[in-house]
Amino acid sequence: MSLGAFTNGLSDVLQLITEGKSVMIVLDRLLKWVEAQSDGGLIASILSTDEAGQHLYHLAGSQLPKDYIEAINGLKIGPNMGSCGTAAYLRKPVIVDNIEASVLWKDYKHYALKHNLHSCWSTPLINNEGRLRGTFAIYYQVPRQPTEADKQLIGLAAHTALIAIEHDHAERERRQTAEKEKHMIDPPGKSEERFQNLVREARVGIVVLLGEEMIVDVVNEMYGKLINRTPEQLLNKPLFSVIPQAEATFKPLLNNVLRTGKPLHLYDQPYYVVVEGKEISGYLNVIYQPYRLADGTISGVMALVQDVTEVILSRKKLEQSEEQFRSLLTLAPVAIAVFKGKELIGEIANDTYLQVVDRSRTEFIGKPLLEALAEGRDAIEPLVEKLFETGEPVLVNEYPVRLKKKSGEVECLFNAIWQPLFNANGSVDGFIAVAHDVTQLVEARRKVEESEQQVRSLVESAPFPIGVYVGRDMRIQFANQSIKNVWGKGNEVEGKLYSEVLPELADQNIYAQLDRVYTTGIPFHARHQRVDLVVNGVLQPFYFNYSFTPLYNAKGQVYGVMNTAAEVTELVSAYKELEESEARARLAIEASDQGTFDVDLKTNKQKVSKRLAEIFNVEADAERHRFISAIHPDDLVLRESAYKKALQTSILDYDARVIKKNGNVIWVRIKGKIYFNENNEPKRLVGIAQDITEQKHFANALSEKVQERTAELESANKQLQVVNQELQQFAYVCSHDLQEPLRKIRIFSDGLTKSVEGNSEAARHLQKIHASADRMSGLIQSLLEYSRITNASFRFEQLDLNNLLTSILTDYELLIEQKKATIEIDPLPTIEAMPLQMNQLFFNLIGNSLKFTKRGVAPYIKIKAEPLPEEGKQQWSELTESATYTMITVQDNGIGFDPGFASKIFTVFQRLNDRSSYGGYGIGLALCKKVVQLHGGIIFADAALNKGATFTVILPLKH
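Note that the coordinates shown come from a computational prediction; the quantities given were computed from them, not determined experimentally. (Residues numbered from 1 in each chain as written. Predicted model: local features only at pLDDT ≥ 70, side-chain atom pairs only at ≥ 80, totals over all residues. Heavy atoms only, no water.)

S.K.: Can you lay out the packing of aromatic side chains for me, pointing to particular residues and giving the numbers?
M.R.: In this structure the tally under the stated criterion is 18 aromatic pairs. Taking 6.2 Å as the distance between ring centres and 40 degrees as the angle between the ring planes, the aromatic pair formed by phenylalanine 524 and tyrosine 546 counts as tilted. Of this pair, phenylalanine 524 sits in strand E19 (residues 524-535) while tyrosine 546 sits in strand E20 (residues 538-552), placing them 22 residues apart in sequence. Given the relative accessible area of 23%, phenylalanine 524 is considered partly exposed. Since its relative accessible area comes to 6%, tyrosine 546 is described here as buried. (Phe/Tyr/Trp six-rings, centres within 6.5 Å; stacked < 30°, edge-to-face > 60°. Helix = DSSP H or I, 4+ residues; strand = E, 2+ residues; numbered from the N terminus. Buried < 20%, exposed > 50% of the residue type's maximum accessible area, 1.4 Å probe, protein only.)

In structure tokens, the structure reads:
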């Protein structure tokens, strides 16, 4: 429960009181406020006393079970009568934190326990006159002691309940007084006719007194009742002989009327008489009228008397109740003030209110609100305008107001409600302000929230799983994102049971571990523990280091368990793999016939395997110098050099000869690693030794073979040089000697063609001879070009492929126009290449696309380039990993080819189409491949019949 929330509750109750709501409605609202401020399990109740003050009856508290209310209704006030009966008897609060064990509840505990009521705190409601009005009680469904904050708020709630009850008593008395005042004597100034009517109707006491002896001449029954006499007992007797105690008060007044003839009106006049030993006192409204004879002579006095004792007493009680009400407001622990009129003059302000605004009573009472608190005008004025405009209560929470205090001007925060007050015309004529300064609470709350947020943020963002489970059933109160990710059950887990979220743990002993921690308060820790979890619908094994830590409440009782964990699945797997790896390593070492050694370089002590002792032909427990002495003396220098290098690099590696005891010499390869301490001093040497005698013998034999093969290779190179020279001579013959006969064939065939004109058969044969000679000449020329590429010297230079393609398209300009071809070229890179060969490459590729076209379809050729990605290099072993490549594609919509021939088309003289339909010698693509290879690239083709072809060229940007 919070004091700030109760401020609103008190304001609500005061509003209901000013609206004239019944005490039942007011108290019901108050109890609901009290119950709403708890964390559950709280029930509030109010009992009232009977007129005799002997019993308690249920007044308010609808949450109590009906049969329990019936059982305690009419509870006798006395000792050991439960919390409420005892509190009323002792007239002080009674706290019972465990009903089952309390002697005060011995006769009533079965009623309470039946409805799960285990504690009851009761406070008597006593007004300023010391009169007991009832009790205010709080029940809890668990044994519980109130905190200091609980006690403060219970006092406030009880005080508020007493205000409502006192106001109800005052209001009932006011109504009774008002009802009686309807029958009171009218004020002076009425006519004689009115007095005559009064006499006739006899609604008030009337008596006529004659002479100075005040002899009763006329008297009615109403008058006689005032002094407990019948008219017969009063007639013809001096009045004050019957009521001598009233003579001193009333006879002088009567005599004055008798002498002066002036009527006298007395209101609320006290009187006291004793009749036959019985004291009678009260208050009267009296009219003394001179009684005249027919001639106008005053012969006596007529008195009209009305008993207003009950009215006056009720009025006094009302005033007293109002004073008590005002006193209760003044003593209330929250700030309360009343402001009246358009100027909002401070009429009432309790000490708490004056303390909050840091003003004295003289500085505040009787002053306009906006003048008394001028520094807060900007904050207060809008609320005033709203109140007067709407006529509705104004409620604010944590509302900032500037206040000038002795320590200086500060900003304060308030929870407040302004309840409007209305005049007789129904217009707003002021308000009651109930406020609570929550500045320190808000600042403290903000600090706590900030701290909690920081802690929560830290826990929420922690890279390891954290969860908090409360109650024996382990309900998940908090789970950070890490633990949610581990569980794999989504983010909506808070509020659910641990067993509901992770049912797969039922047979894994984890529920029992949690229950044991909750029961004993002893933490539990697990290390490298396997836990099987269902993730994505599949039960999977995981490994965790986890802890279950008990959480304690203020009473030192365990209320929950905190779960922290670290997933070590990968670590455990790594351990297992390491163990397996070590086992495999041991197996491999044993299988490879190697010996192992581990030397402490500080002490020179060592551990060696059995195989190492066998290799060095010494005992396994022999000291280190015994192993060193087995090394051939000529190789000790190698050993020393290897150790000096190892001290720099940490790696030991050398081969040496070992002399066996029988005089045999073997070769041993020793490899190891030196480990250093934090001062960079060598501390440990671990390594292996292997008998490599056979390897040495094999290496020697291999070296002899290499020398033989080297000699053979030099001989083959000389023969190859001779062949190359012969090929160059053949190329010269092709370029000169073979071309000459072909020219003569063409000349003589031309001559024969002219001489056999008219002989069509001979002309046809000559035409074929001429065509064959041309084809032979073209074939020889193509072979020469292919040969020149192979034997050309390599001179690379920067080449802009965009300029190169522009030049090639100029060469094909006429063919492009004839075929109505479209050629699109994206921007191409600049590369290091041999310009002439690059020209041959792209000239042939574009020429192929223009040649192998479909009939009736205009050729379309697309040329583009893009960087070859790093992963692309891994597809082709011919490419260098460190080089940067460009990938150029030449795509057309021609006749294409069978994909099965994709690798064959780059072979010399390979043709896929008949010569009559498509010309050429089958060398162009072979030449392209040779150019690309000489540039350190690759070329390949992709196609389908009648669906076009794509040639891809991959070239390095630099050489």
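S.K.: Outline the packing of helix H30 (residues 835-851) against helix H32 (residues 924-934), listing residues and values.
M.R.: Where H30 meets H32, the closest approach of the two axes is 9 Å, and the angle between their N-to-C directions is 145 degrees. The handedness of the crossing between H30 and H32 comes out as left-handed. Packed against H30, whose contacting residues are Gln837, Met838, Gln840, Leu841, Asn844, Leu845 and Asn848, the element H32 presents Gly924, Leu925, Leu927, Cys928, Val931, Val932 and Leu934 at the interface. (Axes fitted to C-alpha atoms, helices over the stretch in contact; angles between N-to-C directions. Left-handed = near helix turned anticlockwise from the far one by under 90°. Contact = heavy atoms within 4.5 Å.)

S.K.: I'd like to hear about unusual backbone geometry, residue by residue, with values.
M.R.: Its identity as a non-glycine residue notwithstanding, aspartate 268 has a phi of 55 degrees, on the positive side. Structurally, the position occupied by aspartate 268 is in strand E9 (residues 264-275). For histidine 528, which is not glycine, the phi dihedral falls at a positive 50 degrees. Mapping histidine 528 onto the fold places it in strand E19.

S.K.: How would you explain the confidence of the model for the protein chain if you had to name every residue and give the values?
M.R.: Counting all residues, the mean pLDDT for the protein chain is 83, and 85% of those residues have values of 70 or more. At the low end of the mean pLDDT range in the protein chain sits helix H7 (residues 192-201), at 43; at the high end sits strand E30 (residues 860-867), at 95. Contacts from residues 185-200, a stretch scored under 50 in pLDDT, to residues over four places away or in other chains number 23 contacts. (pLDDT = per-residue confidence, 0-100.)

S.K.: Account for the pattern of salt bridges, naming residues and giving values.
M.R.: As enumerated under the stated definition, the model contains 30 salt bridges in all. For the salt bridge of arginine 131 with glutamate 51, the shortest nitrogen-to-oxygen distance reads 3.6 Å. Highlighted residues: arginine 131 in the loop between strand E5 (119-126) and strand E6 (132-140) and glutamate 51 in the loop between strand E1 (42-49) and strand E2 (55-60), separated in sequence by 80 residues. Using a relative accessible area of 70% as the deciding quantity, one classes glutamate 51 as exposed. Between glutamate 381 and arginine 377 there is a salt bridge; the shortest N-O distance is 3.2 Å. A residue pair is termed a helical-turn pair when its members lie 3 or 4 positions apart in one helix, as glutamate 381 and arginine 377 do in helix H16 (residues 377-390) at 4 residues. For glutamate 381, a relative accessible area of 29% corresponds to the partly exposed category. Relative accessible area serves as the criterion here: at 34%, arginine 377 is assigned to the partly exposed category. Salt bridges here are not isolated pairs; linked through shared partners, they connect Glu619, Arg626 and Lys661. (Salt bridge = Lys/Arg side-chain N within 4 Å of Asp/Glu carboxyl O.)

S.K.: A description of the sheet that holds strand E15 (residues 408-422) should follow, citing residues and the corresponding values.
M.R.: Strands sit in the order E13-E12-E16-E15-E14 across an open sheet of 5 strands; the sheet is antiparallel. Looking at which strands have only one partner, the edges of the open sheet turn out to be strand E13 (345-349) and strand E14 (394-405). In this sheet, adjacent strand axes meet at a mean angle of 35 degrees when their direction is disregarded. As judged from the 4 bridges shared by strand E12 (residues 335-340) and E13, these two strands associate in the antiparallel manner. (Pairing = 2+ DSSP bridges.)

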